[in-house]
Amino acid sequence: MFVTTADPVLEPPIITVNTVLSLMAVDYPVSKLACYVSDDGCSPLTYYSLVEASKFARLWVPFCKKYNVHVRAPFRYFSVAEVSSGNGESSEFRQECEKMKEEYGKLCCKIEEATGKQPSSWDVTYSGDLAAFAHVERRNHPTIIKVIWENKYDTWAGEEGLPHLVYISREKHPEHPHHYRAGAMNVLTRVSGVMTNAPLMLNMDCDMYANNPLIVRYAMCVLLDARREEGFVQFPQSFYGALKDDPFGNQLFVGAGISGIQGAFYGGTGCFHRRKVIYGLCPVDNTGEFSEKELLRIFGTSIEFAESAGLALKGHTNSQTNTSRGRLLDSVEVANQVAGCNYESSSNWGKPNIGWQYGSTTEDVLTGLGIHTRGWSSVMCNPYPVAFLGCAPTGGPASLTQQKRWATGLLEILISGRNPLISVFTAKLQFRQCLAYLWINNNSNFLSSAIPSSLLIASSTTPISSRSCKIQESTS
Ligand SMILES: O=c1ccn([C@@H]2O[C@H](COP(=O)(O)OP(=O)(O)O[C@H]3O[C@H](CO)[C@@H](O)[C@H](O)[C@H]3O)[C@@H](O)[C@H]2O)c(=O)[nH]1
């Protein structure tokens, strides 16, 4: 599970902390989960907040599982007047809930107090755990990787313990392009490859929390279906606290209806990818046999990463070795190597087919297009309660800036060699899927050019009807 954050001011750490807590608490065996947070802001405050959050998680996660709590992002859970348990009311639940609220309050206070202060005045100082952050500049610093929590001493943290939690601030240097979110995603992919190498990867913006604790199981239902191998499963982007009638068109349900062709677009957040698909495999070439030399040429010079990529491409994992208890720390040195800003220079990362794609500010659409172009299909999964909820832009200007960014990104794709029309003739993009890509391009550019039009168009969903995966579940 990947979470990206980039700016502790625009994206306050308490928001990232809630996203991380909601992911750590999902209903799935914890020994199979790891949460990696990429911090492009290289902020000691974000790191400090995650350390404190991991302490709170040791209480919060067992509490959520014991009482089958539905909303597992504490800021949302405690935002309603009457909190509820999925297992019915009891005085024990009330007592524990009060305690949990108090503990969450303490966590918020610690983070708030730390915000705006210099780390030297915190409990933790630069000389301690934060030494790595001393003298760093946001755009010029070495890689910092910290294993905040490794799932090994889990007996006191509830029966099942907690998933691994790893903090990553990739190396930045003014002379090296960092490729924004796409670059961060590629570093997350490599670091997780040498640490845990799970065959599926969920990616999340820091401001979207898991609203449905069963999300991993829903994704599994689709991705383990032997009848048809899907490249990725996308959940819709929905937002809490949106304005009535969604005048700025934030409730993005764009493309939900195209599953009847090759499938949903990749929307950048709330999406499960197969690792081997991100590593460039085509559906027809599913054996995934590559020589070590080829792997090193494609994925860079780390032998450890090449080995893990070789396993992932064959559909295996290195869970028997790397994730066995106590081994995560052993891989930090290699993880530092693959997170370096020089690492990609002699490799194919970000180029067509390998990793998250460089060349467009909408790296999500470009990456999804690349996957469809290779012949993979995808699914839109829309369970009830809604899978993920995010924080919508606060007003018209913020919405317009966002839509302008998307429009620019989509235009960059249109005028590049990766124009979907070309892929219809040179690769495996279906013609109707290509039309859908052209349709979002058109829509996005249109939306950014006229707010009144966006009010009319963005609140309606795509007219193309669908084979999207709609899962109903009774609310607990
Ligand atoms: O250099 C960067 C820039 C951004 N981010 C993170 O990327 C995410 C999305 O960035 P944001 O500025 O919030 O972009 P939005 O337009 O709100 O995001 C939508 O559009 C993006 C581009 O299409 C997608 O990447 C996102 O997943 C999708 O939610 C956030 O978590 C950021 O912290 C980084 O990690 N590094």
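Every chain is numbered on its own, with residues counted from 1 as its sequence reads. The predicted origin of the model limits local features to residues at a pLDDT of at least 70 and limits the giving and counting of side-chain atom pairs to 80 or more, whereas totals for whole chains, interfaces and linings rest on all residues. With hydrogens and water excluded, all non-hydrogen atoms of the structure serve as input to the side-chain values.

Student: What is the right way to read the UniProt feature "binding site: UDP-alpha-D-glucose" (unreviewed entry) in the protein chain from this model?
Tutor: As recorded in UniProt, the sites labelled "binding site: UDP-alpha-D-glucose" (unreviewed entry) are Glu-11 and Asp-40. Spanning 30 residues, the named residues form one tight spatial group whose C-alpha atoms are at most 11.4 Å apart. Secondary structure elements follow DSSP: runs of H or I of four or more residues count as helices, runs of E of two or more count as strands, with numbering from the N terminus. On the secondary structure map, Glu-11 appears in the loop between strand S1 (2–5) and helix H1 (13–24). Apart from the residues within four sequence positions on either side, Glu-11 is in contact with Thr-5, Ala-6, Thr-16 and Cys-206. UniProt positions are given in the numbering used here, feature names are shortened, and annotations may be inferred rather than shown by experiment. Note on contacts: a residue pair is in contact if any heavy atoms of the two residues lie within 4.5 Å.

Student: I'm lost on the site of the ligand in this one. Help?
Tutor: When at least one non-hydrogen atom of a residue lies within 4 Å of a molecule or strand, that residue is treated as near it. Close to the ligand lie 20 residues; Thr-4, Asp-40, Asp-205, Glu-363 and Arg-405 are nearest. Within the side chain of Asp-40, one N or O atom sits 2.7 Å away from a nitrogen atom of the ligand. The term polar contact refers here to a pair of N or O atoms within 3.5 Å; inside protein, the definition further demands a hydrogen-donor-capable atom paired with an acceptor-capable atom, and it admits residues adjacent in sequence only when both atoms are side-chain atoms. Contact between the ligand and Cys-206: an oxygen atom at 3.3 Å from a main-chain N or O atom of the residue. Contact with the protein chains covers 85% of the free accessible surface of the ligand, which is 680 Å². Looking at the shell around the ligand, the elements that each hand over two or more residues are S1, helix H5 (180–195), helix H11 (363–373) and helix H12 (396–414). Sort the elements by how many residues they give to the shell around the ligand and H12 lands first, with three residues. Each residue gets one of three labels, nonpolar for Ala, Val, Leu, Ile, Met, Phe, Trp, Tyr, Cys and Pro, charged for Asp, Glu, Lys and Arg, and polar for the others, Gly among them. Among the residues forming the shell around the ligand, the class breakdown is four nonpolar, nine polar and seven charged. Accessible surface is estimated by sampling points in the Shrake-Rupley manner with a 1.4 Å probe; for residues, cover comes only from the protein chains shown.

Student: Quick question: what am I supposed to make of the UniProt feature "active site" (unreviewed entry) in the protein chain here?
Tutor: When the UniProt feature table is mapped onto this chain, "active site" (unreviewed entry) is found at Asp-40 and Asp-364. In this fold, Asp-40 is placed in the loop between strand S2 (34–39) and helix H2 (44–66). A residue is classified by how much of its surface remains accessible, and Asp-40, at 11% relative accessible area, is buried. Other than its neighbours up to four places away in sequence, Asp-40 contacts Thr-5, Ala-6, Arg-138, Arg-170, Lys-172, Tyr-180 and Ala-184. Only protein chains enter the accessibility calculation, which uses a 1.4 Å probe; a residue is then buried when its area is under 20% of its type maximum, exposed when over 50%, and partly exposed in between. Classification of Asp-364 by relative accessible area gives buried; the value is 14%. In this view, Asp-364 contacts Tyr-266, Gly-267 and Gly-268; residues no more than four positions away in its chain are not counted.

Student: Before we go on, may I ask you to explain the sheet that holds strand S9 (residues 271–274) in this structure?
Tutor: Two orientations exist for strands paired in a sheet by backbone hydrogen bonds: parallel and antiparallel. What the eight strands build is an open sheet, ordered S3-S4-S2-S1-S5-S9-S7-S10; its pairing is mixed. The sheet is open, and its two edges are formed by strand S3 (144–149) and strand S10 (378–380), each paired on a single side. For this sheet, the mean inter-axis angle between neighbouring strands, taken without regard to orientation, is 20°. Strands are labelled as partners when DSSP assigns at least two bridges between them. Of the strand pairs in this sheet, S3 and strand S4 (residues 164–169) are connected by five bridges, and their pairing is antiparallel. Among the inter-strand pairings, Val-147 is bridged to a residue of S4, identified as Val-166. To get an axis, a line is fitted to the C-alpha atoms, and for a helix only the part in contact is used. The angle between two axes follows their N-to-C directions and goes from 0 to 180 degrees.

Student: Sorry, what's going on with the pattern of salt bridges here?
Tutor: The term salt bridge refers to a side-chain nitrogen of Lys or Arg lying within 4 Å of a carboxyl oxygen of Asp or Glu. In the structure shown here, the tally under the stated rule is 19 salt bridges. With a shortest N-O distance of 3.3 Å, Glu-103 and Lys-106 are connected by a salt bridge. Taken together, the residues Glu-103 and Lys-106, both in helix H4 (residues 91–114) and three residues apart, mark about one turn of the helix. Notably, a salt bridge pairs Arg-190 with Glu-344, separated by 2.8 Å at the nearest N-O pair. In this pair, Arg-190 is assigned in helix H5 and Glu-344 in the loop between helix H10 (332–338) and H11, connecting sequence segments 154 residues apart. Look at Arg-190 and you get buried, because its relative accessible area is 1%.

Student: Help me out: how do you make sense of a negative patch on the surface in this one?
Tutor: In this analysis, a patch consists of residues with relative accessible area above 30% that form no salt bridge, clustered at 9 Å for like charges and at 5 Å for the nonpolar side chains Val, Leu, Ile, Met, Phe, Trp and Tyr. A residue counts as positive if it is Lys or Arg and as negative if it is Asp or Glu; His and the chain ends are not included. Note on charges: their place is set at NZ of Lys, CZ of Arg, CG of Asp or CD of Glu. A cluster of acidic residues, Glu-292, Glu-304, Glu-307 and Glu-333, forms a negative patch at the surface. Classification of Glu-304 by relative accessible area gives partly exposed; the value is 41%.

Student: Teacher, can you tell me more about H4 here?
Tutor: An α-helical segment advances 3.6 residues per turn. Residues three or four places apart therefore align on the same side. Take the residue count of a helix, subtract one, and multiply by 1.5 Å to get its expected span. Here H4 spans 35 Å end to end across 24 residues, near enough to the 34 Å set by a 1.5 Å rise per residue. Of all the residues in H4, the buried ones are Phe-93, Cys-97, Met-100, Glu-103, Tyr-104, Leu-107, Cys-108, Ile-111 and Ala-114. As for H4, its buried residues are in contact with H1, H2 and helix H3 (74–77). Gly-116, located one to two residues past H4, shows a positive phi value of around 90°.

Student: When you look at the packing of aromatic side chains in this model, what are you seeing that I'm missing?
Tutor: One pair of aromatic rings is described through two measures. These are the centre distance and the angle between the planes. Pairing of aromatic side chains requires ring centres within 6.5 Å, counting the rings of Phe and Tyr and the six-membered ring of Trp. Pairs whose planes differ by under 30 degrees are stacked, by over 60 edge-to-face, and all others tilted. Per the stated rule, a full pass over the model turns up 29 aromatic pairs. A ring pair is formed by Phe-63 and Phe-93, whose centres lie 6.0 Å apart and whose planes are at 10°; its orientation type is stacked. Here Phe-93 lies in helix H4 and Phe-63 lies in helix H2, a separation of 30 residues in the sequence. Across the pair, exposure class does not vary: Phe-63 and Phe-93 are buried alike. Within the aromatic cluster, the residues linked to one another by ring pairs are Phe-56, Trp-60, Phe-63, Tyr-67, Tyr-77, Phe-78, Phe-93 and Tyr-104. Only Lys NZ and Arg CZ are tested; either one counts as a charge over a ring when it is within 6 Å of the ring centre and within 35 degrees of the ring normal. Residue placement shows Arg-190 over the ring face of Trp-349; its charged tip is 4.9 Å from the ring centre.

Student: How should the sheet that holds strand S6 (residues 208–210) be read in this particular structure?
Tutor: Read from one edge to the other, the open sheet built from three strands follows the order S6-S11-S8, with strand pairing classed as mixed. In this open sheet, the two strands that pair with only one neighbour each are S6 and strand S8 (238–240). Each neighbouring strand pair of the sheet contributes to a mean axis angle of 40°, computed without reference to strand direction. Both S6 and strand S11 (residues 388–391) contribute to a ladder of three bridges, which runs antiparallel. Within S11, the residue paired with Ala-210 across the bridge is Phe-388.

Student: When you look at the pairing of S11 in this model, what are you seeing that I'm missing?
Tutor: Side chains on a regular strand alternate between the two faces of the sheet. Sheet analysis places S8 next to S11, joined by three bridges and oriented parallel. Residue pairing for S11: Phe-239 is matched across the bridge by Gly-390.

Student: Is there a simple way to explain the environment of Val-51 in this structure?
Tutor: Note that Val-51 resides in helix H2. Residue classification places Val-51 among the buried residues on the basis of a relative accessible area of 17%. Taking the C-alpha atoms as reference points, Val-51 and Val-17, separated by 34 residues in sequence, lie 9.5 Å from one another. Non-local contacts of Val-51, meaning those with residues more than four positions away in its chain, are made with Asp-129 and Ile-148.

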